[in-house]
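One letter stands for each residue in the lines below.
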Amino acid sequence: MRTNQRGKTNMKATLKYALPALAIIVLVIIWANRSGKSTMISAADPGGKLSLVDYIHQQKLPCLQCHQLTTGSYGPGFKVVARNYKSNSKALATLATHIEKGYGFMPGGLASKEQAEVLADKIMKLNLNQ
Ligand code: HEC
């Protein structure tokens, strides 16, 4: 009987502390998620201030493992791509799709749709005279 009662008391004590603790944990998680979102880097580059390479670094994308700006490595140089698509009126949409979904030996899923659009735009804006 005694043991039983102590058992109950302990249970109550546990609940008394566990519930507020749980509430605090939940609040901390909600808070962490909120602040995470507010500091999250957007896929867009408002104002287009970043260079292609800076954007790739900022978004932590793997593009430079297979591409360089001018010369080909595993993938073609970005300026070579820009030159090839120079007179293609659908260059932006085509490149964005290829970057997002993959193309030939390049796997898809390396960048989001939004990132792919920014990347295609920056590739086509590369200065081909440099
Ligand atoms: C695993 C290596 C690899 C990575 C990582 C990679 N690429 Fe590629 N990429 C390739 C290869 C290989 C090709 C050539 C595909 C072909 O012609 O078969 C290519 C082609 C391209 C093309 C030309 C597509 C066309 O229509 O001609 C663009 C643009 C491009 N990549 C951009 C990117 C960007 C931007 C990233 C980063 C999000 C990226 N790539 C990441 C390997 C890669």
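Residues numbered from 1 in each chain as written. Predicted model: local features only at pLDDT ≥ 70, side-chain atom pairs only at ≥ 80, totals over all residues. Heavy atoms only, no water.

Draft legend 1. How the structure looks around the coordination of the iron atom of the ligand. Around the iron atom of the ligand, the protein supplies His67 (NE2) and Met106 (SD) as donor atoms, at distances of 2.0 to 2.2 Å. In this structure, the iron atom of the ligand is surrounded by six donor atoms whose angles at the metal cover 84 to 179 degrees, and the resulting shape is octahedral. Taken together, the residues span a long stretch of sequence, with His67 in the loop between helix H2 (52-58) and helix H3 (78-84) and Met106 in the loop between helix H4 (91-101) and helix H5 (113-124) at a distance of 39 residues. Its relative accessible area of 11% is what places His67 among the buried residues. (Donors = N, O, S within 2.8 Å, 3.2 Å for Na, K, Ca; no water. Tetrahedral: all angles 85-135°; square planar, octahedral: opposite > 155°, others 65-115°. Helix = DSSP H or I, 4+ residues; strand = E, 2+ residues; numbered from the N terminus. Buried < 20%, exposed > 50% of the residue type's maximum accessible area, 1.4 Å probe, protein only.)

Draft legend 2. Inspection of the site of the ligand at higher detail. If you check the shell around the ligand, you find 21 residues, and the closest are Cys63, Cys66, His67, Tyr85 and Met106. Residue His67 places a side-chain N or O atom 2.7 Å away from a nitrogen atom belonging to the ligand. At a separation of 3.1 Å, an oxygen atom of the ligand approaches a polar backbone atom of Phe105. The cavity that encloses the ligand is the largest pocket. With three residues, the top contributor of residues to the shell around the ligand is H4. (Near = heavy atom within 4 Å. Polar contact = N/O pair within 3.5 Å; in protein donor to acceptor, adjacent residues only side chain to side chain. 1 Å grid on protein atoms, 1.4 Å probe; cavity = no way out; pocket = protein on both sides within 12 Å on 5 of 7 lines; lining within 4 Å. Sits in = over half its atoms within 2 Å of the grid points.)

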